[in-house]
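One-letter residues, chain by chain:
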Amino acid sequence: MQVDKDLAQKKGLSIVKDGKSSYFCSERCKNEYEQRTGQPRAEHPGHAAANTVYTCPMHPNVRRDKPGLCPECGMQLVPGKAKEEYDKHAGHSPNIFKMKFWISLFLTVPVVIYSGVLEELFGVSAPAFPGSAYVPLILGSIIFFYGGWVFLIGGYRETRAKLPGMMTLIAIAIIAAYSYSVYAVFAGVPGLFWELTTLITIMLLGHWMEMRAVQGSQKALKELAKLLPDTAEVLRGKQTVTVPLTELKKGDLVLVRPGAKVPADGVVAEGESDVDEALITGESKPVLKKAKSQVIAGSVNGDGSLTVKITSIGEKTFLSGIMRLVQEAQASKSRIQVLSDKAAFLLTIVAVVAGGATLVSWIVAKAGVGFAMERFVSVLVIACPHALGLAVPLVATISTTLSARNGLLVKQRLALEAARNIDIVVFDKTGTLTTGAFGVVGIDGDDDKALSFAAAVDRHSEHPIAKALVHEAEARKLKLPTATAFKRLPGVGAQAKLGRTLVKVGTEKVLEGIRTKPKELPGQTLVYVVAGKKLIGVIGLADKVREESRQAIKDLNQLGVKVAMLTGDTEDVAKAVAADIGIDQYFARVKPDEKAEKVKLLQSQGSRVAMVGDGINDAPALTQADVGIAIGAGTNVAIESAGIILVRNDPRDVVKIIRLSRLTYRKMIQNLWWASGYNIIAIPLAAGVLSSQGILLQPAVGALFMSFSTVIVAINASLLWKAKL
C-alpha cells in the first residue's frame, strides 16, 4: 500500500534511522516497526521512556506509565524514575486535606489571637502567660510542617521533574513567609505568622473542595470496572460452582440468572432473555438474546436465564477494550490542552518574576521587609496555575467518559477536537448507511403468491438473495407450498415443482418463451417468478437502507455539515441510495484502494473531512481523513486506523461526535477564562499597585480567590455530564 509521506509526517507517523526516513499508515504499523527494529519510541507525552513513571505531586502512591490526571485530586501527573522509592504513606488518602484542614484551622485560631490582629482591629488583647509571645511561632511551625508539608513535598517533586507549577509557587510562598516570620520573632519585628497559617488553612480547604468537585469526573475506569461481577456460576456437569472471575476459563459454560451480570464475553448456548447493554453500548433498549447470540461482559440479564459459553476472558473482552481506549484517550492531549499546559507553565514564570519584582520594589521603596514579603507571598499565591492546569484536562476527561457512556470510544483526543470543524462527512455505503444485506423493497404482481412461490423454491438455497426471499416470507407469515424436484439453474436462478406446476425463480432469463418486457428499476436486483408459462410477479431486492441513516443525514445537515457517500456499486445503485437517504454527493464504482483518493480530493477542495467506515478495507481512507471514525466496532474495539470508534452500527452516533466535540471545546474555552482571567486584575492588586488607595489583597484572600477559581472550573466542567448528545 502506498503511504502519503506528507500526511504521515504531518501526523507524526515517520521515523528517521541511519539517515533514512520510513513512513507509516497508522500508529500500529509504526509501533510494530519500532519493536522489530529496536528503534526507541519518540519522546512525547503519549510515549514515556521505559524507566519513566508519572506520579502525582501530592499523591506519590499514584503511579502511571503515561501522563494524565491524578485520580485522587485531579492534578497533572509529573514524570519520575521507575526505580525511585516513594513514601507510600505520603498523601495516600483523598481525605488527607480534610483532616489537615480541620487540624490547621483549630491551631490557626490561637495564632491569629496571639498575633495582635484582634488588638489592632478591635482593641482586644489576648490573655498573657509566660511564653505567650511564642504561641504564633510554635503553632505556626506545627501548621507549616504539618499542614504545609504536602505543598512542600509537592513543590519539590515538581521542581525535580522540571515542571514548576502550582505546588512550586505555594511552596516558595509559605517558605518565604515562614522564614521571615521566624527571623522576625528573634529580631523583635512583626512577623507574618497569622498570614502564613490562614494561607495554609485556606489552601487546604480549597484543595479539599476541589477534590470533592473533581472526584466524580475521575471515576471513568472505576465505573467500567464495577460493571463486572466478582464471581461467576460455572456449570460442571449437572451442578453449578461459584468461582472468582479470575478463575474463569475460555470455553466454560456459565449460568447467568435473571438480573445478574454477564461475567465475560460469550455466546448464548441455551435460553432466551432480554439483556440490558446500555452501560456498555449506549443502547437504551434491551436486546433479545437467544441461542448463538453474542453477549458482552458487564451487560445485565433480564427476566430469563441464559447459559453462556465463554469466548473471551480478561484483557481480551470487549469491556477491557473499552477501558484501554478510555485510558489511552485520557493520557493523550489535545492542542488546547497543550496550549493550556504551556500557559500554566508561563503563568508560573510570570508569578515568580512578578513576585520577585514586587519584593525588590517594595524593599527599595522602603516600605519595610515585612510588607514586601507579604506582597511577595500574595502575588505567588494568587497566580497559582492550579485552575489553569485543571481547566482543560478535566473537561477532556469528562468528555471521554461521557462519550464512552454513549457508545463513542475516543481513541485520540485530537480526533474529537478536530470533529467540531468538520465540513463534510464521508460515509462508506455498505454496512454503514445500509444493512449490508439484501431485503425485499417491492413486489410487482400478486405479492403474497409471488413471494410464497419464490420462497418455497429457494427455501434450501444458501444464496443471499434466496435467503432474503425466505426471510421476507417468514416475516409476513406466509404459508409456503411444498417444493419437489428442485434444480439449480446456473447463471439464472432455480426451479422446482409446486404440486404439478413448474415454478422458475431468477433473472430475466426465466422469461424465455413468455411475452413480457423485463422491468428496469435502478438500484434494485429483480427476481422474476414464473409459474408454468405465466409471470406471477417481479420482486425487487436491494441492500436495505438503515432507517437511522435518514435521521443522521438530516441532523448533520442541520449542524451545517455536508454528507458524501462512497460505494463500489454501480452508478444506478449509488444514485438510488443517495436519493433515498438525501445525500447530494456520492462516488460510485470506488474500489477499496481508491477510497483514500476520494477523501484526498475533498481535502484538496478545502474541506475538512470525517471518514466513516468499517475500519478494515476503509483503513487507508480513515487514516487520510482529518477524523477517522470506525462504525460497528462490535467485538473489535482496537481498530488502529480510526481516531474514534462507534460501538453500535448507528450512523446517528456521528452526529453525537460532532455535538460532543463542539460542547467540549466550548467548555474548555470557558474554563480557560475562569482559570486565568481574574489574574489580569488580581496580580496587580496582590502586588500592591493600589496600596495608596488603601486597597491590598492579603495572602489569605488571594488563596481564597485562587481556590474559588479552581472550584468554579471543576463545577463548570462537571456541567458537561448533563449535556444531551
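Residues numbered from 1 in each chain as written. Predicted model: local features only at pLDDT ≥ 70, side-chain atom pairs only at ≥ 80, totals over all residues. Heavy atoms only, no water.

**Describing the sheet that holds strand β8 (residues 253–256)**
Backbone hydrogen bonds hold the strands of a sheet together, and the pairing may be parallel or antiparallel. Pairing is antiparallel across the open sheet formed by six strands, whose spatial order is β7-β6-β8-β14-β9-β12. Both edges of this open sheet fall to β7 (239–244) and β12 (294–295), since each of them pairs with a single strand only. Strand direction decides the pairing type here: strand β6 (residues 231–236) and β7, joined by six bridges, are antiparallel. What sits directly across from Leu235, in β7, is Thr240. (Pairing = 2+ DSSP bridges. Helix = DSSP H or I, 4+ residues; strand = E, 2+ residues; numbered from the N terminus.)

**Describing the packing of helix α19 (residues 547–558) against helix α23 (residues 652–676)**
Between two packed helices, the angle of one axis relative to the other and the distance separating the axes together describe the packing. Axis separation between α19 and α23 bottoms out at 7 Å; the angle between their running directions is 25 degrees. Classified by the angle between their axes, α19 and α23 sit roughly parallel to one another. Mapping the contact onto sequence places Glu548, Gln551, Ala552, Asp555 and Leu556 in α19 and Arg652, Val655, Ile658 and Arg659 in α23. Here the residues of the contact of α19 with α23 sort into four nonpolar, one polar and four charged. (Axes fitted to C-alpha atoms, helices over the stretch in contact; angles between N-to-C directions. Parallel < 35°, antiparallel > 145°, perpendicular 65-115°, else oblique. Contact = heavy atoms within 4.5 Å. Nonpolar A, V, L, I, M, F, W, Y, C, P; charged D, E, K, R; others polar.)

**A look at the packing of aromatic side chains**
On inspection of all chains with the given rule, the structure shows eight aromatic pairs. Here the aromatic rings of Tyr114 and Phe129 are separated by 5.8 Å at their centres, their planes lie at 75 degrees, and the arrangement is edge-to-face. Highlighted residues: Tyr114 in the loop between α3 (96–113) and α4 (117–122) and Phe129 in the loop between α4 and α5 (135–146), separated in sequence by 15 residues. Looking at Tyr114, the relative accessible area reads 24%, which means it is partly exposed. (Phe/Tyr/Trp six-rings, centres within 6.5 Å; stacked < 30°, edge-to-face > 60°. Buried < 20%, exposed > 50% of the residue type's maximum accessible area, 1.4 Å probe, protein only.)

**Considerations on the nonpolar core**
Side chains of a nonpolar character, in soluble globular proteins, are inclined to be buried together. Within the largest apolar cluster, 51 residues are counted, with the highest numbers of intra-cluster contacts made by Phe151, Ile174, Leu196 and Ile382. Among the secondary structure elements, those contributing two or more residues to this core are α3, α5, α6 (149–160), α7 (166–187), α8 (193–215), α12 (335–364), α13 (369–382) and α24 (679–687). By residue number, the principal contributor to this core is α7, which donates 11 residues. Of all hydrophobic cores here, the second largest spans 47 residues; its members include Leu394, Val410, Val545 and Ile631. (Core = buried A, V, L, I, M, F, W, Y, C linked by side-chain atoms within 4.5 Å.)

**Some remarks on the pairing of strand β23 (residues 562–566)**
The element β23 is largely enclosed, with a buried count of four among its five residues. In the sheet, β23 pairs with strand β24 (residues 585–587) via three bridges, with the strands oriented parallel. Of the residues in β24, the one forming a bridge with Met565 is Tyr586.

**Quick look at the confidence of the model for the chain**
Looking at the chain, pLDDT values average 77 and 75% of them are 70 or higher. Counting interchain partners and residues more than four positions distant, the pLDDT-below-50 stretch residues 35–50 has 18 contacts. Per-residue pLDDT stays below 50 along residues 634–638; that stretch engages in 11 contacts with residues further than four places along the chain or on separate chains. (pLDDT = per-residue confidence, 0-100.)

**Re the side chain of Glu472**
Residue placement: Glu472 occurs in helix α18 (residues 464–475). A residue is classified by how much of its surface remains accessible, and Glu472, at 13% relative accessible area, is buried. Ignoring any residue separated from it by four or fewer positions in sequence, one finds Glu472 in contact with Val440, Leu451 and Lys544.

**So, the sheet that holds strand β22 (residues 534–545)**
In space, the six strands of this open sheet follow the order β17-β22-β21-β20-β19-β18, with antiparallel pairing throughout. Edge positions in the open sheet fall to β17 (434–445) and β18 (483–489), since each of these has one partner strand only. Averaged over neighbouring strand pairs, the angle between their axes works out to 20 degrees when direction is ignored. When strand β21 (residues 525–531) meets β22, the two strands line up antiparallel, connected through seven bridges. Along β22, the bridge assignment pairs Leu526 with Gly540.

**Focus on helix α17 (residues 447–458)**
The end-to-end C-alpha distance of α17, which contains 12 residues, comes to 16 Å, matching closely the 16 Å that a straight helix rising 1.5 Å per residue would cover. Taken across its 12 residues, α17 has nine buried, putting it largely inside the fold. Buried residues of α17: Ala450, Leu451, Ser452, Phe453, Ala454, Ala455, Ala456, Val457 and Asp458, and no others. (Expected span 1.5 Å × (residues − 1).)

**Brief notes about the pattern of salt bridges**
Think of it this way: side chains of opposite charge can pair up when their charged atoms draw near. All told, the structure shown has 11 salt bridges when counted by the stated rule. One salt bridge connects Glu233 with Arg257, and the closest N-O pair in it is separated by 2.7 Å. Of this pair, Glu233 sits in strand β6 while Arg257 sits in the loop between β8 and β9 (265–271), and the two are 24 residues apart along the sequence. Its relative accessible area of 40% is what places Arg257 among the partly exposed residues. Salt-bridge contacts for Lys600 lead to Glu597; the nearest nitrogen and oxygen are separated by 4.0 Å. Placement of both Lys600 and Glu597 in helix α21 (residues 595–604) is noted, with a separation of three residues, approximately one turn of the helix. Residue Lys600 is classed as partly exposed on the basis of its relative accessible area, which comes to 29%. (Salt bridge = Lys/Arg side-chain N within 4 Å of Asp/Glu carboxyl O.)

**As for the pairing of strand β26 (residues 627–630)**
Side chains Val627 and Ile629 of β26 all project onto a buried face; the interleaved residues Gly628 and Ala630 project onto the opposite face, where all are buried too. Looking at chain direction, strand β25 (residues 609–613) and β26 are connected through four bridges and run parallel. Bridge pairing links Val612 to Ile629 in β26. Pairing of β26 with strand β27 (residues 644–646) involves two bridges; the strand directions are parallel. Its bridge partner being in β27, Ile629 is matched across the sheet by Ile644.

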